[in-house]
Amino acid sequence: MSILIFSLGLLGLIGLQARAVSFSSDAEDRNRAAMLANELSTSMWLGNSVNVDATTLTNWQTRVNSPSAGGLPNGSGTVTVTAGVAEILITWRPPSRESGDSRFVTRMVLP
């Protein structure tokens, strides 16, 4: 009986470890998305405009989609400017997830 209880406890610990690794990977992706959005926001601050030139935007979008360059798996980034407010949207899907994209949204307003 004690071996059965021990085995169930061990299986529970293994399940918890797998979930912890999954949450850690998700947190790392969210951190990377925040850093990529911050990178584009910095370009906006330096240019003193929420509008970004096409070359900078294309280079940034390429970086978002390239995990080897600090981007995200299956990542894409878009910028929408409405009434002086830039909305930066980054979406990605980890290879381990079959459906449902993760999203990171931030808004940029210059004074």
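In case you missed it, the structure is sitting above this.
Quick look at the structure, then. These figures come from a predicted structure and were not determined experimentally. (Residues numbered from 1 in each chain as written. Predicted model: local features only at pLDDT ≥ 70, side-chain atom pairs only at ≥ 80, totals over all residues. Heavy atoms only, no water.)

## Thoughts on a nonpolar patch on the surface
Link 1 in the chain: The grouping of M1, L4, I5, F6, L8, L10, L11, L13, I14 and L16 at the surface amounts to a nonpolar patch, some 1,200 Å² of accessible area in total.
Link 2 in the chain: Examined against the element boundaries, L16 turns out to sit in helix 1 (residues 2–47). (Patch = residues over 30% accessible without salt bridge, like charges linked within 9 Å, V, L, I, M, F, W, Y side chains within 5 Å. Areas by Shrake-Rupley, 256 points an atom, 1.4 Å probe, with all protein chains shown as cover. Salt bridge = Lys/Arg side-chain N within 4 Å of Asp/Glu carboxyl O. Helix = DSSP H or I, 4+ residues; strand = E, 2+ residues; numbered from the N terminus.)

## Quick notes on helix 1
The α-helix winds at 3.6 residues per turn, so residues separated by three or four positions along the chain end up facing the same way.
Link 1 in the chain: An ideal rise of 1.5 Å per residue puts 68 Å on 46 residues; helix 1 measures up with 68 Å between its terminal C-alpha atoms.
Link 2 in the chain: Those residues of helix 1 lying buried are D29, A33, L36, A37, L40, S41 and M44.
Link 3 in the chain: Contacts made by the buried residues of helix 1 are with helix 2 (54–64), strand 1 (76–82), strand 2 (85–92) and strand 3 (102–109).
Link 4 in the chain: A positive phi of about 55° marks N48, the residue just after helix 1. (Expected span 1.5 Å × (residues − 1). Buried < 20%, exposed > 50% of the residue type's maximum accessible area, 1.4 Å probe, protein only. Contact = heavy atoms within 4.5 Å.)

## Focus on the packing of helix 1 against helix 2
Link 1 in the chain: Where helix 1 contacts helix 2, the two axes come as close as 11 Å, and the packing angle between them is 170°. Compared by their axis directions, helix 1 and helix 2 come out roughly antiparallel. Residue-level contacts link L36, E39, L40 and S43 of helix 1 to T56, L57, W60, R63 and V64 of helix 2.
Link 2 in the chain: Its residues assigned to classes, the contact of helix 1 with helix 2 comprises five nonpolar, two polar and two charged. (Axes fitted to C-alpha atoms, helices over the stretch in contact; angles between N-to-C directions. Parallel < 35°, antiparallel > 145°, perpendicular 65-115°, else oblique. Nonpolar A, V, L, I, M, F, W, Y, C, P; charged D, E, K, R; others polar.)

## A look at the sheet that holds strand 3
Each strand in a sheet pairs with its neighbour through backbone hydrogen bonds, running either in the same direction (parallel) or in the opposite one (antiparallel).
Link 1 in the chain: With respect to topology, three strands assemble into an open sheet ordered 1-2-3, the strand pairing being antiparallel. Of all the strands in the sheet, just strand 1 and strand 3 have a single pairing partner and so form its edges. In this sheet, adjacent strand axes meet at a mean angle of 15° when their direction is disregarded.
Link 2 in the chain: Pairing of strand 1 with strand 2, which is carried by seven bridges, proceeds in the antiparallel orientation. Note that in strand 2 the partner of V79 across the bridge is I88.
Link 3 in the chain: Helix-sheet contacts for helix 2 involve strand 1 and strand 2, and the interaxial angle to strand 1 is about 140°. (Pairing = 2+ DSSP bridges.)

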